[in-house]
Amino acid sequence: MRFDWQWDFAWEILPRLLAATLNTLLAAGIGYAIAVVLGLVLALAQRTPWKPLTFIVREAVEFIRSTPLVLQIFFVFYVGPQFGIRLSPWTAGMIAIGLHYSAYLSEVYRAGIEAVPKGQWEACRALNMSTRDTYLRIVIPQALPPSVAGMGNYLVGIFKDTPMLSVIGVADVIFLAISLPAAGLVRLFEGFVRRKMGM
Amino acid sequence: MDHGDYPLELPEGDRPMVRFMNVTKRYGSLTVLDNLCLDVAEGEMVTVIGPSGSGKTTVLRMLMTLETINGGIIYVDGKPLTHMERNGRLVPADERHLRKMRSSIGMCFQHFNLFPHMTALQNCMEGPVQVLGLPKAEARARSEELLEMVGMIEKKDQHPSRLSGGQQQRVAIARALAMRPKVMLFDEVTSALDPEVIGEVTNVIRRLVGEHNLTMLMVTHQMGFARDISDRVCFFYRGKIEEQGPPDQLFGNPQRERTQQFLSAVKEAD
Ligand SMILES: Nc1ncnc2c1ncn2[C@@H]1O[C@H](COP(=O)(O)OP(=O)(O)O)[C@@H](O)[C@H]1O
Ligand SMILES: [Mg+2]
């Protein structure tokens, strides 16, 4: 195959490329921020004394973890409007990614929380601490450090998965590379794109 | 006896600091405590001894509300701990009631359970600041005074991982005292310690006896220490108090065969 690098073309599309890269970073960053917070909520919701809530959240987390992200993106964007929820591709995409990864992160947190020794909870009780303080000041600070490795893995994962948002039209850097009409650009990124698309 | 039949409050003149009334505790089919009755008077130091598995820890844990009870009732300072009044009747306590009552009780554990991400001083200040709502300066002054008392003021900025077991346990005692409890519970606080540092912890407890009018309930395997400092010793056997009395009587002249057997067994082990 001929490799035909075109400088003028490369310069011409650079701004769009940068914008698309920014899109990727933004989508991944915001999606991750959602996942970090929502994941914690999902982890804590499984620890309330109210068993039905634990059950429902547990099942939801399992469901999200066992269905593909691309389906979830489709679902939020295309099925949402049928229930009157109309979202821009951006919002839908980030919600889907955030939701997807929150399920994974909740498992990371859960393992971290369960690793905190029972004696720590009992010490909190003996000091008459509220449930809120017990979590915020004692349990979570101890559960987070061992969770960092797992959280890092999913941060990498979220960057890898962001291009899937192209299925609902969010132009991220990979999407742009494939969709730009000029064959030259595809060539520019040929190796990368091929690897990425598994071609 | 249904818990509705217990008094809503103990009458004036018959108000020990702690009263267990017919307390039963079961784990599944295992009855750990069987109709336990036990009073601890204000300012009294009561020691609990007995073979492993006889329910000693469970007694303290129920009083600290770490465990719920299956029967009977516990009163603290004349008021029900495990129950609360609703429409003139006693019903099992909810979390709000427990939080109110728990403030009178402090506990030290066999394995210290200090917060590893906080320094000794922060461990002591945590409860006073977060739970009692004390201003930081006041909580700090109170904590430093107690750390001084347990001989740990020089190490106040160290994290628990940098402290020996004996030092950690002394911080844990200071942390519990910083909440100004009326009743202090000690569950084998020297059992996890190297023999050479046991003295530094027992000396702190010795100092507490008589001070502050603190009521204390202590589980220990150190018979000499128990004999020295207790007002009363209870020998537990299979979830019941087999025998109790002043230390000289219980150690010097035990009446029950099981007590005699237990005491001669520990003497041999020493
Ligand atoms: N959480 C629990 N679940 C089941 N059994 C328990 C539990 N805690 C204690 N037990 C049992 O209760 C009995 C009394 O325990 P404990 O009060 O710790 O005894 P001691 O402190 O006198 O050694 C033991 O037989 C123990 O195995
Ligand atoms: Mg025990």
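Residues numbered from 1 in each chain as written. Chains lettered and ligands numbered in written order. Predicted model: local features only at pLDDT ≥ 70, side-chain atom pairs only at ≥ 80, totals over all residues. Heavy atoms only, no water.

Student: Hey, could you run me through the domain arrangement of chain B in this one?
Tutor: How large an interface is tends to be reported as the accessible area lost when its parts come together. Residues and elements named next belong to chain B. For chain B, the assigned domains read domain 1 (3-104 + 181-269) and domain 2 (116-180). Taking only C-alpha atoms into account, the centre of domain 1 sits 25 Å from that of domain 2. Summing the contributions of domain 1 and of domain 2, the shared interface buries around 1,200 Å²; its carbon and sulfur component is 73%. Of all residues in domain 1, the largest losses of buried area upon contact with domain 2 belong to Pro181, Glu200 and Val204, amounting jointly to 38% of the total for that side. Across the pair glutamate 200 and arginine 170 runs a salt bridge whose closest N-O atoms are separated by 2.8 Å. One can count three residue pairs in polar contact (both at pLDDT 80 or more) joining domain 1 with domain 2. Taken together, the elements giving at least two residues each to the side of domain 1 that touches domain 2 come down to β9 (183-187) and α6 (195-208). (Domains from an automatic or database assignment. Buried area = accessible area lost by both parts, 1.4 Å probe. Salt bridge = Lys/Arg side-chain N within 4 Å of Asp/Glu carboxyl O. Polar contact = N/O pair within 3.5 Å; in protein donor to acceptor, adjacent residues only side chain to side chain. Helix = DSSP H or I, 4+ residues; strand = E, 2+ residues; numbered from the N terminus.)

Student: Help me understand the sheet that holds strand β1 (residues 18-27) of chain B, please; the structure alone is not making it clear to me.
Tutor: Pairing between the strands of a sheet is mediated by backbone hydrogen bonds and can be parallel or antiparallel. Residue and element names in this part refer to chain B. The strand order across the open sheet formed by four strands is β2-β1-β4-β5, and the pairing between neighbours is antiparallel. With one partner strand each, in any of the chains shown, β2 (30-40) and β5 (79-80) form the two edges of the open sheet. The sheet contact formed by β1 and strand β4 (residues 71-76) spans five bridges and is antiparallel. Across the sheet, residue threonine 24 finds its bridge partner in β4, namely glycine 71. On the sheet, helix α1 (residues 56-63) packs against β1, β2 and β4 and is oriented at approximately 115 degrees with respect to β1. (Pairing = 2+ DSSP bridges. Contact = heavy atoms within 4.5 Å. Axes fitted to C-alpha atoms, helices over the stretch in contact; angles between N-to-C directions.)

Student: Whenever I open this one, the pattern of salt bridges confuses me. Can you help?
Tutor: Once the charged atoms of two side chains with opposite charge are near each other, the side chains can pair. Residues and elements named next belong to chain A. For the structure on display, the rule yields 27 salt bridges over all chains. Residue glutamate 62 pairs with arginine 58 through a salt bridge whose shortest N-O separation is 2.9 Å. Here glutamate 62 pairs with arginine 58, and both are found in helix α2 (residues 51-66), just four residues apart, close to one helical turn. Residue glutamate 62 is classed as partly exposed on the basis of its relative accessible area of 32%. (Buried < 20%, exposed > 50% of the residue type's maximum accessible area, 1.4 Å probe, protein only.)

Student: Can you walk me through the environment of Gln222(B) in this structure?
Tutor: All names here are of chain B. Looking at the secondary structure, you find glutamine 222 in the loop between β10 (215-219) and α7 (223-229). Distance from glutamine 222 to aspartate 248, taken between C-alpha atoms, is 15 Å for residues 26 residues apart in sequence. If near-sequence neighbours (up to four positions away) are discounted, glutamine 222 is found in contact with Thr190, Ile198 and Thr202. Polar contacts involving the side chain of glutamine 222 include one to the side chain of threonine 190, which spans 2.7 Å.

Student: Explain the side chain of Ser104(B) here, please?
Tutor: Residue and element names in this part refer to chain B. Considering the arrangement of structural elements, one finds serine 104 in the loop between α2 (95-102) and β8 (105-108). Owing to a relative accessible area of 12%, serine 104 belongs among the buried residues under this scheme. Non-local contacts of serine 104, meaning those with residues more than four positions away in its chain, are made with Val76, Pro181, Lys182 and Val183.

Student: What exactly am I supposed to notice about unusual backbone geometry here?
Tutor: Negative phi characterises most residues that are not glycine, and trans characterises most peptide bonds. A positive phi is found at Thr65(B), a non-glycine position, where the angle reads about 60 degrees. Note on placement: Thr65(B) falls in the loop between α1 and β4.

Student: I would appreciate a short explanation of the interface of chain A and chain B in the present structure.
Tutor: Contacts between the two partners involve 16 residues from chain A, matched on the other side by 22 residues from chain B. Between chain A and chain B lies a buried interface of about 1,800 Å² when both sides are counted; carbon and sulfur atoms form 53% of it. On the chain A side of the interface with chain B, the three residues burying the most area are Arg125(A), Leu127(A) and Asn128(A), jointly 39% of the side's total. Seen at the junction of chain A and chain B, the total is three salt bridges. With a shortest N-O distance of 2.5 Å, Glu126(B) and Arg137(A) are connected by a salt bridge.

Student: Got a minute to help me understand the packing of aromatic side chains in this structure?
Tutor: Per the counting criterion, the structure on display carries eight aromatic pairs over all chains. Measuring from ring centre to ring centre gives 6.1 Å for Tyr101(A) and Tyr154(A), while their planes differ by 65 degrees; the resulting arrangement is edge-to-face. Taken together, the residues Tyr101(A) in helix α4 (residues 89-114) and Tyr154(A) in helix α6 (residues 131-161) connect sequence positions 53 residues apart. An aromatic cluster of at least three residues, connected via ring pairs, comprises Phe74(A), Phe77(A) and Tyr78(A). The ring centre of Phe115(B) lies 4.6 Å from the NZ or CZ of Arg175(B), which sits over that ring. (Phe/Tyr/Trp six-rings, centres within 6.5 Å; stacked < 30°, edge-to-face > 60°. Lys NZ or Arg CZ within 6 Å of the ring centre and 35° of its normal.)

Student: Hey, could you run me through the site of ligand 1 in this one?
Tutor: Residue and element names in this part refer to chain B. Close to ligand 1 lie Tyr27, Leu30, Val32, Pro51, Ser52, Gly53, Ser54, Gly55, Lys56, Thr57 and Thr58. In the model, an oxygen atom of ligand 1 is placed 2.7 Å from a nitrogen or oxygen of the glycine 53 main chain. Here lysine 56 contributes a side-chain N or O atom positioned 2.8 Å from an oxygen atom of ligand 1. In the complex, the protein chains occlude 59% of the 560 Å² of accessible area that ligand 1 would expose alone. Going through the elements one at a time, β2 and α1 are the ones with two or more residues in the shell around ligand 1. Counting residues per element, the shell around ligand 1 draws most heavily on α1, which supplies three residues. Broken down by class, the residue content of the shell around ligand 1 amounts to four nonpolar, six polar and one charged. (Near = heavy atom within 4 Å. Areas by Shrake-Rupley, 256 points an atom, 1.4 Å probe, with all protein chains shown as cover. Nonpolar A, V, L, I, M, F, W, Y, C, P; charged D, E, K, R; others polar.)

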